[in-house]
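Structural overview
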Amino acid sequence: MSTAPSTTKDEAPQPAAPAPGPRGPWAPLRPLVLRLHFYAGVLVAPFLLVAAVTGFLYAGAFQAEKLVYAHEMTVPVGDVELPMSEQVAAARKAHPEGTVTAVRPSPQDGATTRVLLSGVEGVDATHSLAVFVDPYTGEVRGALEQSGSTGALPLRTWIDEFHRDLRLGENGRLYSELAASWLWVIAGGGVALWFSRRRALRKVRGTGGRRRTLGLHGTVGVWAAAGFFFLSATGLTWSQYAGAHIDELRTSLGQSTPAVSAAGGGEHAGHDAAAGDGGDGEHGVGIDKILAAARAEGLGDPVEIVPPADTESAYVVRQVQRSWPTKQDAVAVDPATGEVTDVLRFEEFPVLAKLTRWGIDLHTGVLFGLANQIALMALAFALVLLILWGYRMWWQRGRGSAFGRPIPRGAWAQVPPYVLVPLMAAIAVLGYFLPLLGIPLAVFLAVDVVSGEIAYRRGRRASV
């Protein structure tokens, strides 16, 4: 749920009297949740709006990519595919610059092979130049900059980076972490407020003005809340600060994502061998026998072949299918003998590692393909509507003479100590692990208290 549903006249909390509603701990908490939901919505909504719009575009970018880069990604289906070594040689003949860091064989009939090069002038150091080769003829269909493990091409890369950090680098990631940190709070508060409202006040039909806007805002928000919780939780898993805490927790629990060992002798020692130093990608027995050894271990398409990082390392062949069913098996193959030295199966991943993998893939729209992407676009569109309705309610609440009239102060004073003290302790712990939730909340509380004190003293002076 997004911005600031406000209150009707009979709902407006007054500092001197508890808000109407059911008795018990929720009765004094409701005005506090309402005030937090209002201010968090108003202040965080611009960040959520950017995240929603760019997220909508990113979800659609997968299908757009297939259209925009159809020439590079697809070819007429031929009779027999060339050996992988010949396809790599064709790519190197057309693009002798840089170093081969990975090869992605054609994953299906009619798809091109990608030969990935690093150290190419004009290509971002964190990206690769993907050379697209017709697996049937060896024709080079083109070359494009590629990023990320899902093989994003320029269009999707641009949208992805704007969604993640506004293309401002590491500092820009604070915006998306702020949005993810607050989305679940705003959504949870909105759900609690919606269920606490009298049933008659939830109706949309037959109503108008602000009450209708509130009804639409609440109904759509409740239906979309589960999706918002999911997006918030998965977005935090690879955020800058909260993500680091999550990684530390997973490591302490022995739930880190394992990696096949590229060193001789096996054991999942955690070497990734992602930065190959492979020249033309051919070492020892050659890439064809390396791929054959991986196939013999059951690694079906799509796969990625990573050349040895140095003379002491092995080839790494790993499955790169993120869609369901997930294929993430990997093997290390000795370049001198073509023998498999280590095997890692996805089924061996710890539970939290699997959940993290599936959560990220569902968040990015690859786990269930087109259906996944449509669902994400629907969630993003719902969030945009909620934000617009929230700001409209803010306008309507002013009744034309006091635009944006805020929720009255004093809600926290109504909460009994036996509820307030544990609540504040829980918020402090949560704020430590989610600093972009805790820090803005602390600033808001400080400003609110100071503003209230100033208003109180001015009132006293005026009454003297």
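As a starting point, this report considers the structure included with it. As the structure is a prediction and not an experimental result, all values here were calculated from the model.

Criteria and thresholds
- For every chain, the first residue of its written sequence is number 1, and the numbers climb from 1 along that sequence.
- Selection of residues for local features in this predicted model requires a pLDDT of at least 70, selection of side-chain atom pairs for listing and counting requires 80 or more, and totals for whole chains, interfaces and linings are taken over all residues.
- Water and hydrogen atoms play no part in the side-chain values, which are based on all heavy atoms of the structure.
- Here a Phe, Tyr or Trp ring, Trp counted by its six-membered ring, pairs with any other such ring whose centre lies within 6.5 Å, and the pair is stacked when the planes are under 30 degrees apart, edge-to-face when over 60, and tilted otherwise.
- Each helix is a run of H or I in the DSSP string that is no shorter than four residues. Each strand is a run of E no shorter than two, and both are numbered from the N terminus.
- Partly exposed describes any residue whose relative accessible area lies between the buried limit of under 20% and the exposed limit of over 50%, with all areas from a 1.4 Å probe on protein chains only and scaled to the type maximum.
- Salt bridge, as used here: a side-chain nitrogen of Lys or Arg that lies within 4 Å of a carboxyl oxygen of Asp or Glu.
- One requirement defines pairing of two strands: DSSP has to find at least two bridges between them.
- Contact definition: two residues touch when any of their heavy atoms are within 4.5 Å.
- What makes a patch is a set of residues exposed beyond 30% relative accessible area and free of salt bridges, joined within 9 Å when like-charged and within 5 Å when nonpolar (Val, Leu, Ile, Met, Phe, Trp, Tyr).
- The Shrake-Rupley method, run with a 1.4 Å probe sphere, supplies the accessible areas, and residue values consider only the shown protein chains as cover.
- Here the nonpolar core consists of buried residues drawn from Ala, Val, Leu, Ile, Met, Phe, Trp, Tyr and Cys, with membership extended through side-chain atoms lying within 4.5 Å.
- To get an axis, fit a line to the C-alpha atoms, keeping to the stretch in contact for a helix; angles then go from 0 to 180 degrees between the N-to-C directions.
- Working rule for handedness: look at the near helix, and if it is turned counterclockwise from the far one by less than a right angle, call the crossing left-handed; if clockwise, right-handed.

**A word on the packing of aromatic side chains**
- A complete count under the given rule lists 12 aromatic pairs for this structure.
- Geometrically, the ring pair formed by Y39 and F444 is tilted, given 5.3 Å between the ring centres and 45° between the ring planes. Placement of Y39 in helix α1 (residues 26-68) and of F444 in helix α12 (residues 435-463) is noted, with a sequence separation of 405 residues between them.
- Using a relative accessible area of 17% as the deciding quantity, one classes F444 as buried.
- For the ring pair W158 and F162, a centre distance of 5.5 Å and an interplane angle of 10° mean the geometry is stacked. Here W158 and its partner F162 are both found in helix α4 (residues 154-165), four residues apart, which amounts to about one turn of the helix.
- Assessed through its relative accessible area of 45%, W158 is described here as partly exposed.
- The partly exposed category is assigned to F162, whose relative accessible area is 29%.

**Overview of the pattern of salt bridges**
- Evaluated as defined, the whole model comprises 12 salt bridges.
- For the salt bridge of R357 with D361, the shortest nitrogen-to-oxygen distance reads 3.0 Å. One end of the pair is R357 and the other is D361, both in helix α9 (residues 351-364) and four residues apart, which spans about a single turn.
- Beyond isolated ion pairs, a larger network of salt bridges with shared partners links R104, E304 and R318.

**A word on the pairing of strand β8 (residues 340-344)**
- Note: strand β7 (residues 330-333) against β8, four bridges, orientation antiparallel. In the sheet register, A330 faces β8, and the bridge partner there is L344.
- Here β7 folds back onto β8, and the loop between the two strands holds six residues, one of which, G338, carries a positive phi near 75°.

**Concerning the pairing of strand β6 (residues 315-319)**
- A large share of β6 lies buried, amounting to five of its five residues.
- For strand β5 (residues 303-306) and β6, the ladder comprises four bridges, and the chain directions are antiparallel. The residue bridging I305 from the neighbouring strand is V317, located in β6.
- Bridge count for β6 against β7 is four bridges, and the pairing is antiparallel. For Y315, the partnering residue across the bridge sits in β7 and is V333.

**Side note on unusual backbone geometry**
- P302 follows D301 through a cis peptide bond whose omega is -5°.
- Relative to the elements of secondary structure, P302 occurs in the loop between α8 (287-296) and β5.
- Cis peptide bonds are those with omega within 30 degrees of zero, and the linkage from W324 to P325 qualifies with 0°.
- Looking at where P325 falls in the secondary structure, it is placed in the loop between β6 and β7.
- The backbone phi angle of L166 is positive, close to 60°, even though this residue is not glycine.
- By the secondary structure assignment, L166 is in the loop between α4 and α5 (173-196).
- Residue L166 is classed as partly exposed on the basis of its relative accessible area, which comes to 27%.
- Its identity is not glycine, yet R167 carries a phi of approximately 60°, on the positive side.
- Tracing the sequence through the fold places R167 in the loop between α4 and α5.

**Details of the environment of G189**
- Looking at the secondary structure, you find G189 in helix α5.
- Look at G189 and you get buried, because its relative accessible area is 11%.
- Once the C-alpha coordinates of G189 and L32 are considered, the two residues, 157 residues apart in sequence, prove to be 9.9 Å apart.
- For G189, the residues in contact, after removing those within four places along its chain, are V33 and H37.

**Here's the deal with the environment of L178**
- Within the fold, L178 resides in helix α5.
- On the basis of relative accessible area, L178 is assigned to the buried category, the value being 13%.
- For the pair L178 and V44, spaced 134 residues apart in the sequence, the C-alpha separation amounts to 8.0 Å.
- Ignoring any residue separated from it by four or fewer positions in sequence, one finds L178 in contact with F47, L436 and P440.

**Here's the deal with a nonpolar patch on the surface**
- Taken together, the side chains of L249, L253, V351, L352 and L355 define a hydrophobic patch exposed on the protein surface, amounting to about 460 Å² of accessible area.
- In terms of residues, the nonpolar patch owes the most to one element, α9, which gives three residues.
- Tracing the backbone shows L355 in helix α9.
- The partly exposed category is assigned to L355, whose relative accessible area is 48%.

**What to know about the nonpolar core**
- Ranked by size, the top nonpolar core spans 38 residues in total, and within it L48, W182, L183, I186, F228 and L383 carry the most contacts.
- Elements represented by at least two residues in this core include exactly α1, α5, α6 (209-237), α10 (369-397) and α12.
- Here the element with the most residues in this core is α1; it accounts for 10 residues.
- In terms of nonpolar packing, the next biggest core, distinct from the first, is built from 25 residues, L117, I287, I305 and V331 among them.

**Re the packing of α6 against α10**
- For the pair α6 and α10, the least separation of the axes is 9 Å and the interaxial angle reads 145°. The way α6 lies across α10 gives a crossing that is left-handed. Along its contact with α6, which presents G209, R210, T213, L214, L216, H217, V220, G221, A224, G227, F228 and L231, the element α10 presents L376, L379, A382, L383, L386, W389, G390, R392, M393, Q396 and R397.

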